[in-house]
Amino acid sequence: MMEFNCVQFLQNKTILVTGATGFLAKVFVEKILRVQPNVKKLYLVVRASDSEAAMKRLRAEVFEKDLFKVLRENIGEENLNTLLSEKVVPVAGDISTDCFGVKDSNLRERMQKEIDIVVNVAATTNFDERYDVGLEINTFGALNVLNFAKKCVKAQLLLHVSTVVYVSLAYVCGEKSGLLREKPFAMEEIRNEAGHQLDINFEMDLMKKRLKELHDQDCSDEDITLSMKELGMERAKLHGWPNTYVFTKSMGEMLIGNHRESLPLVIIRPTMITSTLSEPFPGWIEGLRHYELGYSKGGITSGVKIAFVIISGSKIILLTVDSVIVAYGKGVLKCFLVDVNSVCDMIPVDMVANAMITATATHAGGSGVHMVYHVGSSHQNPVTFGEIHEISVRYFTKSPLRSRNGSLIAVSKVRLISTMALFSLYMTLRFKLPLQLLKLIDIIYPWRSGDKYGDKNHKINMVMRLVELYEPYVLFKGIFDDRNTKSLCANQKEDETKTSKGSMFDFDPKGINWGDYLTSVHIPGLITHVLKK
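In the nomenclature of an unreviewed UniProt entry, the protein chain is known as Fatty acyl-CoA reductase of Brassica cretica. The record held by UniProt for the protein chain lists under Catalytic activity (unreviewed entry) the comment "a long-chain fatty acyl-CoA + 2 NADPH + 2 H(+) = a long-chain primary fatty alcohol + 2 NADP(+) + CoA". Under the UniProt heading Function (unreviewed entry), the note attached to the protein chain is "Catalyzes the reduction of fatty acyl-CoA to fatty alcohols."

**Q** Can you break down helix H8 (residues 200–216) residue by residue, with the values?
**A** The first and last C-alpha atoms of H8 sit 24 Å apart over 17 residues, in line with the 24 Å expected at 1.5 Å per residue. Of the surrounding elements, those touching the buried residues of H8 are helix H7 (131–151), helix H9 (221–238) and helix H10 (244–259). Here H8 starts with a cap whose side-chain oxygen sits 3.1 Å from the backbone nitrogen of Asn201, and that cap is Asp199. Within two residues after H8, Asp218 carries a phi angle of roughly 55°, on the positive side.

**Q** An account of the pattern of salt bridges is requested, with residue identities and associated values reported.
**A** Taken as a whole and judged by the stated rule, the model has 19 salt bridges. Of the charged contacts, one joins Glu279 and Lys31 as a salt bridge, the two residues approaching to 3.0 Å between their closest N and O atoms. A residue pair is termed long-range when its members are at least 10 positions apart, and Glu279 in the loop between strand S8 (272–274) and strand S9 (290–293) and Lys31 in helix H2 (residues 23–35) qualify at 248 residues. Close ionic contact of Asp216 with Lys212 constitutes a salt bridge, the shortest N to O distance being 2.9 Å. Residue Asp216 and its partner Lys212 are both found in helix H8; the two are separated by four residues, about one turn of the helix. Side by side, Asp216 and Lys212 carry an identical accessibility label, which is exposed.

**Q** Break down the side chain of Asp345 for me, with residues and values.
**A** Mapped onto the fold, Asp345 is located in the loop between strand S12 (335–337) and strand S13 (346–348). A distance of 2.4 Å separates a polar atom in the side chain of Asp345 from a polar atom in the side chain of Ser378.

**Q** Talk me through the pairing of strand S3 (residues 88–92); I want residue IDs and the actual numbers.
**A** On any regular strand, side chains alternate: one points to one face of the sheet, the next to the other face. With five of five residues buried, S3 lies mostly within the body of the structure. Residues Val88, Pro90 and Ala92 of S3 are buried on one face, and the alternating residues Val89 and Val91, pointing to the opposite face, are buried as well. Where strand S2 (residues 41–46) and S3 come together, five bridges link them in parallel fashion. Of the residues in S3, the one forming a bridge with Val46 is Ala92.

**Q** Outline the sheet that holds strand S5 (residues 157–161), supporting the account with residue identities and numerical values.
**A** Read across the sheet, seven strands follow the order S3-S2-S1-S4-S5-S7-S14 without closing on themselves; strand pairing throughout is parallel. At either end of the open sheet lies a strand with only one pairing partner, and these are S3 and strand S14 (370–375). The sheet shows a mean angle of 15° between the axes of neighbouring strands, taken without regard to direction. Helix H6 (residues 105–114) rests against strand S1 (14–18), S2 and S3 of the sheet, and its axis sits at about 130° to S2. In the packing of H7 onto the sheet, contacts are made with S1, strand S4 (117–120) and S5, and the angle to S4 comes to roughly 175°.

**Q** Run through empty space enclosed by the protein, naming residues and quoting values.
**A** If you roll a probe as big as a water molecule over the atoms, it shows you where there is empty space left. Within the structure shown, the criterion is met by six cavities of 30 Å³ or more. Volume-wise, the largest cavity comes out at about 160 Å³. Residue lining of the largest cavity: 15 residues in total, with Val324, Phe336, Phe385, Ile388 and His389 positioned closest to the centre. Among the secondary structure elements, those contributing two or more residues to the lining of the largest cavity are helix H11 (321–329) and helix H13 (385–398).

**Q** Run through the pairing of S1, naming residues and quoting values.
**A** The element S1 is extensively covered by neighbouring structure, given that five of its five residues are classed as buried. Residues of S1 alternate between two faces, with Thr14, Leu16 and Thr18 on one and Ile15 and Val17 on the opposite face, all of them buried. As defined by bridge partners, S1 adjoins S2 across five bridges and the pair is classed as parallel. Looking at the pairing, Leu16 lines up with Tyr43 of S2. Bridge count between S1 and S4: four bridges; the pairing is parallel. In the sheet register, Ile15 faces S4, and the bridge partner there is Ile117.

**Q** Go over the packing of aromatic side chains, please, and point to the residues and values.
**A** As enumerated under the stated definition, the model contains ten aromatic pairs in all. A ring pair is formed by Phe185 and Trp241, whose centres lie 6.5 Å apart and whose planes are at 75°; its orientation type is edge-to-face. Placement of the pair is Phe185 in the loop between strand S6 (179–180) and H8 and Trp241 in the loop between H9 and H10, with a sequence separation of 56 residues. Owing to a relative accessible area of 16%, Phe185 belongs among the buried residues under this scheme. Accessibility expressed as a relative area gives 4% for Trp241, which makes it buried. Plain terms: the ring middles of Tyr328 and Phe396 are 6.1 Å apart, the flat faces sit at 65° to each other, and that makes the pair edge-to-face. On the criterion of sequence distance, the pair formed by Tyr328 in helix H11 and Phe396 in helix H13 is long-range, its members being 68 residues apart. For the pair Tyr328 and Phe396, a shared accessibility class is recorded, and that class is buried. A network of ring pairs unites the aromatic residues Tyr131, Phe185, Trp241 and Phe247 as a single cluster.

**Q** Tell me what's going on with a nonpolar patch on the surface, and back it up with residues and numbers.
**A** Together, Leu422, Leu425 and Leu429 give the surface a local cluster of nonpolar side chains, amounting to about 290 Å² of exposed area. Relative to the helices and strands, Leu422 is located in helix H14 (residues 420–444). Residue classification places Leu422 among the partly exposed positions, given a relative accessible area of 45%.

Rules used throughout
- Residues numbered from 1 in each chain as written.
- Predicted model: local features only at pLDDT ≥ 70, side-chain atom pairs only at ≥ 80, totals over all residues.
- Heavy atoms only, no water.
- UniProt positions renumbered as here; feature names shortened; annotations may be inferred.
- Helix = DSSP H or I, 4+ residues; strand = E, 2+ residues; numbered from the N terminus.
- Expected span 1.5 Å × (residues − 1).
- Contact = heavy atoms within 4.5 Å.
- Polar contact = N/O pair within 3.5 Å; in protein donor to acceptor, adjacent residues only side chain to side chain.
- Salt bridge = Lys/Arg side-chain N within 4 Å of Asp/Glu carboxyl O.
- Buried < 20%, exposed > 50% of the residue type's maximum accessible area, 1.4 Å probe, protein only.
- Pairing = 2+ DSSP bridges.
- Axes fitted to C-alpha atoms, helices over the stretch in contact; angles between N-to-C directions.
- 1 Å grid on protein atoms, 1.4 Å probe; cavity = no way out; pocket = protein on both sides within 12 Å on 5 of 7 lines; lining within 4 Å.
- Points joined across faces, edges and corners; volume = space filled by probe spheres on them.
- Phe/Tyr/Trp six-rings, centres within 6.5 Å; stacked < 30°, edge-to-face > 60°.
- Patch = residues over 30% accessible without salt bridge, like charges linked within 9 Å, V, L, I, M, F, W, Y side chains within 5 Å.
- Areas by Shrake-Rupley, 256 points an atom, 1.4 Å probe, with all protein chains shown as cover.

Right under this line is the structure:
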């Protein structure tokens, strides 16, 4: 039976996981350790100076998190520590280098002799990533993971996740609308407006040439970063992708598809990954992804399908969808760009982990396997942004947050703007026209401290740039076909062994009641695991 086979399959298996400190990866690891403590070994790759530093990072960022409290309560602290010491092997490594840059030849040989399954979850997730970084990690990093897997004599499968923290997406499909199929990318099908075929090696050479020119010109680090970001966006747009992230991830999929040879390959494309639905307990989530522009050098996160921008005092804050919910509850979100009729394709993180395990057990050791799975909800159980907004209004009206002084925060409906033209008009009336008065004041009173006009004008220009970057997503009209995933789920359900709490490896989106999930699980989870910490 499938459910029994998933547990049985994991027994005595040695699994390597890259990006092990990421949101999805740690849920995947926790699930394996909880349901199959007789897994042989888990090689967990993290960026660190050595194995000791890697284990220290794993303990702080993975095993000591609330995520592991159920396992800790079930077997006790001492037994958990024993389990981790026996099963987990920390690997200080980086997927942008050959063999992850592991210098210990004995460790490399042991890994290549023992590993049965390779799971790649590592990626850089900034929408406007430097082109050199995106190519090194998302594109050629994926190829490095494949090449390592091919050196593992017992390797039965490479499972490549097309995202890390919080989501992202089956948007490697580009900006197409309609029903987007679950199929591998073919390099020969990708042509730019001039009809030229995509050449990944040419993209790498172009990036290196531009980078060398910048260094030869003694450009500052800041100028080099800006130039590399602009090059990435330019090349992505040329070939029909909305940003550097999805472009480099797509090329990574193409490379591993072309070079996999006989190694079974499964590609998981999750949509927006949200808090746990049920396992190990409902509502677990980790952190909010947002950047305060002008205060952070971070990039623009692709951790979710949608992001919004708000201006709060002297700060401009880029928000992910969970941050939007929290910002609304705090009463600081007044307006954002979104089509209320567009589907917000999201899926709980434990369902993604279950799909990963089921796909691995199903295809390991298969012949000629090259499968793509869209793990999301838009096709079978859609929820719109408008519905999410209404649910949030009801929740925070009934259960308002408290301000720092303890008073209840009253919320009101947010202004929802459905087109870029209307958003630009709103920004002009609300911010740009008043800004001209500030400019006049700066001219009349030049001795005033600081360039307040220049500072605020820069921030508003940054807002417009960010909104333009996210426009393809907030107004997205596509639905992700999941017939492969539906078939995988049906086969699992047909043979599964039911427990008193239901399936052990459930990932059927039809079972989610979005109103109940958001009201009773997700929003309370955000408050408990993010706001209160």
